Amino acid sequence: MSLGSLEIGSRLDAYLAQAVAADQGLADVAGVIAACAEAAVDVSEVIGRGALGGGDLAAQGEQNSDGDVQKALDVLAHQRFTEALRGAPVAEVASEEAEGVMLLNAGAPLAVAIDPLDGSSNIGVNMAVGSIFGIRPVGATAENPLGSFTSPGTAQLAAGFVTYGPATSLVLTLGFGTQIFTLDRAERVFRLTSPRIEVVAAAKEYAINASNARHWDTPVKAYIEDCLAGSEGPLDKNFNMRWLGSLVADAQRVLLRGGVFLYPGDNRKGYAQGRLRLLYEAAPIAMLMEQAGAAATDGANRILDISATGIHERVPLVFGSSEDVACVAKYYGGRNAAAGRSPLFGQRGLMRS
């Protein structure tokens, strides 16, 4: 579908109406996106008031289904998105904040996988957090009650994430490119600000939590070591490192500036498959990246080809500029001469005795 005459500043509802006019099969998907946008506006207002909103949004409560400690805002976001999706054509929801699949509207055609609040560790320090969602056709059967969520990521009909930062942005794809909408706070509507994102094929930035370096496997250690070597190393260019600790914020930066993001598995207990969830984090991000000309893998394999076996399944995640992601895959495939050499920081140097 072409955006046609849709201008910068056009409202999200106009964009969705144009999409449905071009393809009536998108009507239900558009309804779900509108519901998510409505919930995001409410969550954005709560976050925007910070400590003035009353209560401690960073207060810790019970553990969620994945063993992570819930913050007050985690619960609020989960409740608000669930409430909005009840009014949309959604039969099932797989949420980070719920142990099992939530049944909403029997007979509805769509299922939603959602992380209502990504980046909880940033709550209370005025840094970006977000919401991530992927929309799928219902596929549950008596034999496979998780069938709506065990198809590969290619089954997604649409995906998006919201970044609650200095501005609130909705990054969205319906399968024909990736767009960015920015919240007009005065009117409580999202407006088109980037009609078609195209990620550069290669860049000079990478994002990884370097504090875990001693736990990485050999391919990741070798790749980051070569990034640090800069123009004197085999990658022949100098890099900057960025790490925000918020998946949506890092993803939006990559979409706008290029580069590569890595959250690999490592040798810590419980981290063999990383910490990001396939259904409601990696798969939606992967769809958005691919629709913008970028790539997303688990280090070697395309994320969108992977099928989950459970709704909270984890997966290593590498995404970003296509050439940079392909370069990381070479290290995993052992095709890079550096992939088998000594561990990162193994040499004597500053601050080492």
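How each quantity is defined
Residues numbered from 1 in each chain as written. Predicted model: local features only at pLDDT ≥ 70, side-chain atom pairs only at ≥ 80, totals over all residues. Heavy atoms only, no water. Helix = DSSP H or I, 4+ residues; strand = E, 2+ residues; numbered from the N terminus. Buried < 20%, exposed > 50% of the residue type's maximum accessible area, 1.4 Å probe, protein only. Areas by Shrake-Rupley, 256 points an atom, 1.4 Å probe, with all protein chains shown as cover. Phe/Tyr/Trp six-rings, centres within 6.5 Å; stacked < 30°, edge-to-face > 60°. Lys NZ or Arg CZ within 6 Å of the ring centre and 35° of its normal. Pairing = 2+ DSSP bridges. Contact = heavy atoms within 4.5 Å. Salt bridge = Lys/Arg side-chain N within 4 Å of Asp/Glu carboxyl O. Arc of directions from axis to C-beta. Axes fitted to C-alpha atoms, helices over the stretch in contact; angles between N-to-C directions. pLDDT = per-residue confidence, 0-100. Polar contact = N/O pair within 3.5 Å; in protein donor to acceptor, adjacent residues only side chain to side chain. Parallel < 35°, antiparallel > 145°, perpendicular 65-115°, else oblique. Left-handed = near helix turned anticlockwise from the far one by under 90°.

Q: Account for the overall build of the protein, naming residues and giving values.
A: Within the protein, the regular secondary structure consists of 7 helices and 15 strands. Counting every position in the protein, which comprises 353 residues, the buried fraction comes to 54%. In the form shown here, the protein has an accessible surface area of approximately 14,900 Å², with 51% of it arising from carbon and sulfur atoms.

Q: I'd like a description of the packing of aromatic side chains, backed by residues and values.
A: Under the definition given, this model contains 6 aromatic pairs. Considering the side-chain rings of Tyr15 and Phe181, the 5.1 Å spacing of their centres and the 65° angle between planes classify their relative orientation as edge-to-face. Residue Tyr15 is found in helix α1 (residues 12-22), and its partner Phe181 is found in strand β9 (residues 178-184); the two are separated by 166 residues along the sequence. Among the residues examined, Tyr15 registers a relative accessible area of 0% and is labelled buried. Pairing Phe261 with Phe319 gives two aromatic rings, centres 4.6 Å apart and planes at 15°, and the pair type is stacked. Here Phe261 is found in strand β13 (residues 260-263), whereas its partner Phe319 is found in strand β15 (residues 317-320), with 58 residues between them in sequence. Taking the relative accessible area as the measure of exposure, Phe319 reaches 0% and is therefore buried. In textbook terms, an aromatic cluster arises when at least three aromatic residues are bridged by ring pairs, as seen for Trp243, Phe261, Tyr263 and Phe319. In this structure, Arg268 packs its charged tip against the face of Tyr271, placed 3.6 Å from the ring centre. For Arg275, the ring lying beneath its charged end belongs to Tyr271, and the centroid distance is 4.8 Å.

Q: I'd like a rundown of the sheet that holds strand β3 (residues 90-95), residues and numbers included.
A: Taken in spatial order, the 8 strands of this open sheet run β4-β3-β5-β6-β7-β8-β9-β10, and their pairing is mixed. Either end of the sheet is taken by a strand with one partner, and the two such strands are β4 (102-103) and β10 (189-194). One ladder, built from 6 bridges, connects strand β7 (residues 158-164) with strand β8 (residues 168-173); its direction is antiparallel. When the bridges of β8 are listed, Phe161 appears paired with Val171.

Q: Before we move on, could you go through the environment of Ala155 and cite the residues and values that matter?
A: Along the chain, Ala155 turns up in the loop between β6 (129-137) and β7. If near-sequence neighbours (up to four positions away) are discounted, Ala155 is found in contact with Arg136 and Pro137.

Q: Pulling in residues and values, what's your account of the pairing of β10?
A: Relative to β10, β9 is paired through 5 bridges, and the arrangement is antiparallel. Paired with Leu183 across the two strands is Phe190, which belongs to β10. Between β9 and β10, which pair antiparallel one after the other, the connecting turn spans 4 residues, and Arg188 there sits at a positive phi close to 60°.

Q: Now, about the pattern of salt bridges: what can you tell me, with residues and values included?
A: If you walk through the whole model with that rule in mind, you get 16 salt bridges. In this structure, Arg191 and Asp184 form a salt bridge, with 3.0 Å as the shortest nitrogen-oxygen distance. One continuous salt-bridge network, built from bridges that share partners, spans Glu38, Asp42, Glu45, Arg80 and Arg188.

Q: I'd like a rundown of α1, residues and numbers included.
A: All of the buried residues along α1 are Leu12, Tyr15, Leu16, Ala19 and Val20. Projected down its long axis, α1 shows its buried positions confined to an angular sector of 135°, all on one face. Turned more than 90 degrees away from the buried face of α1 sit Ala21 and Ala22, all of them exposed. The inward-facing, buried residues of α1 contact α2 (27-49), β8, β9 and β10.

Q: Go over the sheet that holds strand β11 (residues 205-207) with me, naming the residues and quoting the values.
A: The strand order across the open sheet built from 5 strands is β12-β11-β13-β15-β14, with neighbouring strands paired in mixed fashion. Strands at the two margins of the open sheet, each flanked by one partner only, are β12 (240-241) and β14 (295-297). Pairing of β11 with β12 involves 2 bridges; the strand directions are parallel. Bridge assignment links Tyr206 to a residue of β12, and that residue is Met241. In the packing of helix α6 (residues 278-291) onto the sheet, contacts are made with β14 and β15, and the angle to β15 comes to roughly 20°.

Q: Hey, could you go over the environment of Pro195 for me, with residue numbers and the actual values?
A: Relative to the helices and strands, Pro195 resides in the loop between β10 and β11. Judged by relative accessible area, which is 29%, Pro195 ranks as partly exposed. In the structure, Pro195 is positioned 16 residues away from Gln179 in sequence and 5.0 Å away in space, judged by C-alpha atoms.

Q: I'd love a proper account of the confidence of the model for the protein, names of residues and values included.
A: With 88% of its residues at a pLDDT of 70 or more, the protein has an overall mean of 90. Residue range residues 339-353 is modelled with pLDDT below 50. Its contacts to residues more than four positions away, or to other chains, number 23 contacts.

Q: So what's going on with the environment of Ser148? Which residues, and what values?
A: Tracing the backbone through its elements, the reader meets Ser148 in the loop between β6 and β7. Between the C-alpha atom of Ser148 and that of Val112, which follows or precedes it by 36 residues, the distance is 8.8 Å. Apart from the residues lying within four places of it in its own chain, the contact partners of Ser148 are Glu92, Ala111, Arg136, Pro137, Val138, Gly139 and Ala140. For Ser148, the side chain forms a polar contact with the main-chain nitrogen of Gly139, separated by 2.8 Å.

Q: Describe in detail the packing of α2 against helix α3 (residues 72-86), supporting the description with residues and values.
A: At their nearest, the axes of α2 and α3 sit 8 Å apart, and the two run at 150° to each other. One way to sum up the angle between α2 and α3 is to call them roughly antiparallel. In the crossing of α2 with α3, the sense of the turn from one axis to the other is right-handed. Across the interface between the two elements, Val32, Ala35, Cys36, Glu38, Ala39, Ala40, Asp42, Val43, Val46 and Ile47 from α2 touch Leu73, Leu76, Ala77, Arg80, Phe81, Ala84 and Leu85 from α3.

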